[in-house]
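Spelled out, the chains give:
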Amino acid sequence: MPELRKDPITGRWVIISTERRKRPTDFRLESVHVTPDSGCPFCEGHERMTPPEIIAFRRSGSAPNGPGWDLRVVPNQFPVLRVEGTLDRQGEGLFDKMNGIGAHEVIIESPRHEDTLATMSEAAVEQVLWAFRERVRDLKQDRRFRYIIIFKNHGAAAGASLDHPHSQLIALPIVPREVRDEVDGARSHFERKERCVFCDIVRQETADRRRLIFETADTVAVAPYAPRFPFETWILPKRHQASYEDAQRHDFASLARVLTEILRRMNRALRNPPYNLLIHSAPLAEDAGDYYHWHVEIIPKLTKVAGFEWATGFYVNPTSPEEAAQVLCDVRP
Ligand SMILES: [Zn+2]
Ligand SMILES: [Zn+2]
Ligand SMILES: [Zn+2]
């Protein structure tokens, strides 16, 4: 019997379709293979192919915009939004518009083309997470921005145009709708129960353990109760914290530990799947500190979004989160 499940944060319903039940081997997997590229603009030695770096973690003595770095952040060459100008809201009767103010940056995670977050050392992944924090702390000074989203497309099927390991950051003059839904849902949970819904999820899932994938003292990875996609995984700090950029060194060390573990397990269980990764954090100019709770979402690209989902916003998921958690628990990275 298929099951309808409701996400406790957003109230979004999903269908867990046991009739169409899929085990890892049933998906038509498009494994990610990194191919060498002598013209890659992100490789060490090709620094002139990108706009000048915003920040870089450099080995001592190396000059900006040359070799000798572990990580670089550069403006996106083809930004979806532009940093120059003033925010100007206008409308045409019924329709609202504003000019495309924002920031679009690329975090080049390693000088080595064939690296991935799953194969890099935990210390190197921690550096990547730290770079995200540094960029958010800098950009949030800019009063035009209401939200900063950090995301990663891994593999062509997940939207990556370059194989070289990188993530992207976009600062927006509005709070995007997916985040709005979570923030509003978390606020209404708080108004009813005087507790953070994400803290409630952490408490229930670490006690119940059927959807728990991996945990450390500070961080937990779970298959959410009502996932839109097979093997969707959330990583949350166990301690309440609204904003990613407020996390401390030891939080990032713990997140790096859990993140690499999950990606390695997914690679084993799902044969190097393409995936999207995103960080949800509290909106910049809102006082959501009591009820929002930052987290990482990882969505392996195993299924296609089709007509029913587009038409309804109602997702059909062929793998139950209990089964996905079991598979990821059992596999050894
Ligand atoms: Zn490269
Ligand atoms: Zn919380
Ligand atoms: Zn989220």
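Residues numbered from 1 in each chain as written. Chains lettered and ligands numbered in written order. Predicted model: local features only at pLDDT ≥ 70, side-chain atom pairs only at ≥ 80, totals over all residues. Heavy atoms only, no water.

### Quick look at the coordination of the zinc ion (ligand 1)
Here is step 1 of the chain: Protein coordination of the zinc ion (ligand 1) is provided by Cys40 (SG), Cys43 (SG), His113 (ND1) and His164 (ND1), with donor distances spanning 2.0 to 2.3 Å.
Here is step 2 of the chain: Taken together, the four donor atoms coordinating the zinc ion (ligand 1) span angles of 105 to 116° at the metal, a pattern that classifies the geometry as tetrahedral.
Here is step 3 of the chain: As a motif over one chain, the donors of the zinc ion (ligand 1) read C-x2-C-x69-H-x50-H. Taken together, the residues Cys43 in the loop between strand S2 (13–16) and strand S3 (55–58) and His113 in the loop between strand S7 (103–108) and helix H1 (122–139) connect sequence positions 70 residues apart. (Donors = N, O, S within 2.8 Å, 3.2 Å for Na, K, Ca; no water. Tetrahedral: all angles 85-135°; square planar, octahedral: opposite > 155°, others 65-115°. Helix = DSSP H or I, 4+ residues; strand = E, 2+ residues; numbered from the N terminus.)

### A look at helix H3 (residues 197–208)
Here is step 1 of the chain: Spanning twelve residues, H3 covers 16 Å between terminal C-alpha atoms, matching the ideal 16 Å at 1.5 Å per step.
Here is step 2 of the chain: Within H3, burial applies to Val197, Phe198, Cys199, Asp200, Ile201, Val202 and Glu205.
Here is step 3 of the chain: Contact partners of the buried residues in H3: helix H2 (177–193), strand S10 (212–215), strand S11 (219–222), strand S12 (233–237) and strand S14 (295–300).
Here is step 4 of the chain: Of the residues one or two after H3, Arg209 is the one with positive phi, at around 70°. (Expected span 1.5 Å × (residues − 1). Buried < 20%, exposed > 50% of the residue type's maximum accessible area, 1.4 Å probe, protein only. Contact = heavy atoms within 4.5 Å.)

### So, the coordination of the zinc ion (ligand 3)
Here is step 1 of the chain: Protein ligation of the zinc ion (ligand 3) involves Glu182 (OE), Glu182 (OE), His280 (ND1), His295 (NE2) and Glu297 (OE), the donor distances falling in the range 1.9 to 2.7 Å.
Here is step 2 of the chain: One chain supplies every donor for the zinc ion (ligand 3), spaced along it as E-x97-H-x14-H-x1-E. Separated by 98 residues along the polypeptide, Glu182 in helix H2 and His280 in strand S13 (residues 275–280) bring together distant segments of the chain. The exposure classification of Glu182 matches that of His280, with both residues buried.

### Here we look at the sheet that holds strand S4 (residues 69–75)
Here is step 1 of the chain: Taking strand neighbours across the sheet as the criterion, the ten strands line up as S3-S4-S7-S9-S8-S13-S14-S12-S11-S10 in an open arrangement whose pairing is antiparallel. The open sheet has two edge strands, S3 and S10, and neither has a second partner. The mean inter-strand angle of the sheet, taken between neighbouring strand axes irrespective of direction, is 15°.
Here is step 2 of the chain: Sitting on the sheet, H3 is in contact with S10, S11, S12 and S14, with an inclination near 105° to S12. (Pairing = 2+ DSSP bridges. Axes fitted to C-alpha atoms, helices over the stretch in contact; angles between N-to-C directions.)

### Here we look at the sheet that holds S2
Here is step 1 of the chain: As summarised here, the arrangement of the three strands in space is S1-S2-S15, forming an open sheet in which the pairing is mixed. The outermost strands of the open sheet, each flanked by one partner alone, are strand S1 (3–6) and strand S15 (315–317). Between one strand axis and the next, the sheet turns through 30° on average, direction left out of account.

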